[in-house]
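Below, each chain spelled out in residue letters.
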Amino acid sequence: MNPDEFRRAGHEIVDWIADYLRDIERQTVVPDVQPGDIRRRLPSSPPLRSESIDRLFADFRKLIVPAMTHWGHPGFFAYFPAMTSPPSILAEMLTAGLGAQCMSWQTSPAATELEQVTMDWLRQMIGLPATFTGVIQDTASTATLVALLTARERATQGAANARGLAAVGPRLAVYTSRERHSSVDKAVKIAGYGLDQLRLIEVDDAYAMQPQALRDAIERDVREGIVPACIVATIGTTGSTGVDSLPAIADLAEAHGAWLHVDAAYAGSAALLPEKRAHFAGMERADSVLFNPHKWMLVNFDCTAYFVRDVGALLRTFSANPEYLRTTHDAEVVNYRDWGIPLGRRFRALKLWWVIRSYGVEGLQAVIRSHCDWAAEFAGWLQSDDRFDLMAPVPFALVCFRLRNRPGERDAEADARTRALLQQANATGRVFFTHTLLAGRYTIRMSIGARATERRHVVGTWETLREMAG
């Protein structure tokens, strides 16, 4: 493909993206396909000769787009949002065009220094003190693993890296809420703690970790010679956006020398709002904090912000400096290859920089605030209708609800009716909900967070649900 052919195809693709963003509401949120449908329409062997970009693009429109779930659809209320925006898309295109490998300062000086500046902007935006330093990781799962590995090394004074956990001596324990994200369990396994050393702490009626239960678990382990290595607290649990009490948890972490990691993957973007800062009280006492701008801050996937207080502990855990990577400036620059698991790094800071500058802090606040306001309004409608139960507080923009038990009705029967309501709503193609279990009850999750969602979509969804509830 020569430059002129590339230019023509690029313009056509940008035009298609612009139209897609404009007309996304016309799409069916979730495609009507069955497993294997797409594979059967694709060749089983690669082409021997080159094919034109026109043909590739035609197949993209014909085969791929109709079989995609459209996360940016205004009726996408499932999981948590995975937002994008025009400036983020354009920055990602530039990143691909540069084709940079950003593992160290020398390999991409501007990428490294832009990440330093942009992450400090982000630190200020969410209210963390200057004692924290930020780095971009790919996902929250990776950032949590980074935290648990760093906690492991601090608890063993570096012995686990040097000699392996088997040679360390005392067992190490990790503590987290029963409502934690599954990435915590995965990180505990990969980091070598072992799932037997993961302590799942009971939650209260708001699905927040109980500090007294945490205290009891830690003290029990200490009496048995087990070292409390890490506590993972959550602001905005996946099931219900429960908020753990960070001040009380930080007291316990400090008393026992445990690393305190805060998972705010979804809710961290809400810290941009002054009126939501109370939910983040005590975050400044953590050892590490993560949140995902790619969830709720108009930055496309992937971009996880990871903030750490003790950069030295991070570097001692991950630094590797073979001769072929050494440069003249190593002593005076940041080499992000030593700040996480992979050696290679994408230029993720560019899209974050463009989004912050394009919208400004006030513009980003307006987007997040509107979602929170609509969620609170939707929760109010549920509470005013005696056919529904609101199943959890609504601190951010997730609403958890179910159909209320009819007189004399068993829980299983109400669960079945709630499940049928979700399926009926999703079958319209205009909305997409997912579910969870809260207090053992089948619960519909409505996560408001797509860039294209407007209040009229939330109102229309409520009217549809009321009609379907009978």
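The model shown is predicted, which means the values in this text are computed figures rather than measured ones. (Residues numbered from 1 in each chain as written. Predicted model: local features only at pLDDT ≥ 70, side-chain atom pairs only at ≥ 80, totals over all residues. Heavy atoms only, no water.)

A. Quick look at the overall build of the chain. When helices and strands are tallied, the chain shows 15 helices and 11 strands. Since a compact globule built from 470 residues should have a radius of gyration of about 23 Å, the 24 Å found for the chain is in line with a globular shape. Taken along the three principal axes of its C-alpha coordinates, the chain extends 70 × 60 × 45 Å. The buried share of the chain, taken over its 470 residues, is 50%. By sequence separation, contacts in the chain at least 24 residues apart represent 73% of the contacts at least 6 residues apart. About 21800 Å² of surface is accessible on the chain, with carbon and sulfur atoms providing 53% of the total. Here the chain contributes 52 positive and 54 negative side-chain charges, whose respective centroids are spaced 3 Å apart. (Helix = DSSP H or I, 4+ residues; strand = E, 2+ residues; numbered from the N terminus. Rg over C-alpha atoms; globule rule 2.2 N^0.38 Å. Buried < 20%, exposed > 50% of the residue type's maximum accessible area, 1.4 Å probe, protein only. Contact = heavy atoms within 4.5 Å. Areas by Shrake-Rupley, 256 points an atom, 1.4 Å probe, with all protein chains shown as cover. Lys, Arg positive; Asp, Glu negative; His and termini not counted. Charge placed at Lys NZ, Arg CZ, Asp CG, Glu CD.)

B. Looking closely at the packing of helix α14 (residues 411–426) against helix α15 (residues 455–469). Relative to each other, α14 and α15 sit at 130 degrees, their axes nearing to 10 Å. On the basis of their axis angle, the class for α14 and α15 is oblique. Note that α14 runs across α15; the crossing there is right-handed. Along its contact with α14, which presents L421, Q424 and A425, the element α15 presents L465, M468 and A469. Class assignment of the residues belonging to the contact of α14 with α15 gives a composition of 5 nonpolar, 1 polar and no charged. (Axes fitted to C-alpha atoms, helices over the stretch in contact; angles between N-to-C directions. Parallel < 35°, antiparallel > 145°, perpendicular 65-115°, else oblique. Left-handed = near helix turned anticlockwise from the far one by under 90°. Nonpolar A, V, L, I, M, F, W, Y, C, P; charged D, E, K, R; others polar.)

C. Structural detail: the packing of aromatic side chains. If you walk through the whole model with that rule in mind, you get 21 aromatic pairs. For the pair W16 and F60, a centre-to-centre distance of 5.1 Å together with 75 degrees between the ring planes defines the contact as edge-to-face. In this pair, W16 is assigned in helix α1 (residues 3–23) and F60 in helix α3 (residues 53–64), connecting sequence segments 44 residues apart. Overall, W16 belongs to the partly exposed group, its relative accessible area being 23%. (Phe/Tyr/Trp six-rings, centres within 6.5 Å; stacked < 30°, edge-to-face > 60°.)

D. Structural context of the sheet that holds strand β5 (residues 259–263). Ordered by their spatial adjacency, 7 strands build an open sheet running β1-β7-β6-β5-β4-β2-β3, and the pairing between neighbours is mixed. Looking at which strands have only one partner, the edges of the open sheet turn out to be β1 (133–137) and β3 (198–201). Here the average twist between neighbouring strands, direction ignored, is 20 degrees. The pairing of β1 with strand β7 (residues 304–308) spans 5 bridges and is classified as antiparallel. Each residue of the ladder has a partner; that of Q137, found in β7, is T304. Of the strands in this sheet, β1, β2 (172–177), β4 (227–234), β5, β6 (288–291) and β7 are in contact with helix α6 (residues 140–155), which crosses β5 at around 175 degrees. Together, β2, β3 and β4 form the strand contacts of helix α8 (residues 182–190), whose direction differs from that of β3 by roughly 160 degrees. (Pairing = 2+ DSSP bridges.)

E. Just the nonpolar core, in detail. L122, I231 and F378 are the most contacted members of the largest nonpolar core, which has 96 residues in total. It is helix α13 (residues 349–383) that contributes the most residues to this core, 15 residues altogether. Membership of the second largest hydrophobic core comes to 32 residues, among which are V135, L145, V174 and L198. (Core = buried A, V, L, I, M, F, W, Y, C linked by side-chain atoms within 4.5 Å.)

F. Inspection of the pattern of salt bridges at higher detail. Per the stated rule, a full pass over the model turns up 35 salt bridges. Put simply, D415 and R441 hold a salt bridge, and the shortest N to O gap is 3.6 Å. Of this pair, D415 sits in helix α14 while R441 is found in strand β11 (residues 441–447), placing the two residues 26 residues apart along the sequence. Of the two residues, D415 and R441, both sit in the buried class. Here the salt bridges do not stand alone but share partners, grouping E92, D302, R346, R348 and K351 into one network. (Salt bridge = Lys/Arg side-chain N within 4 Å of Asp/Glu carboxyl O.)

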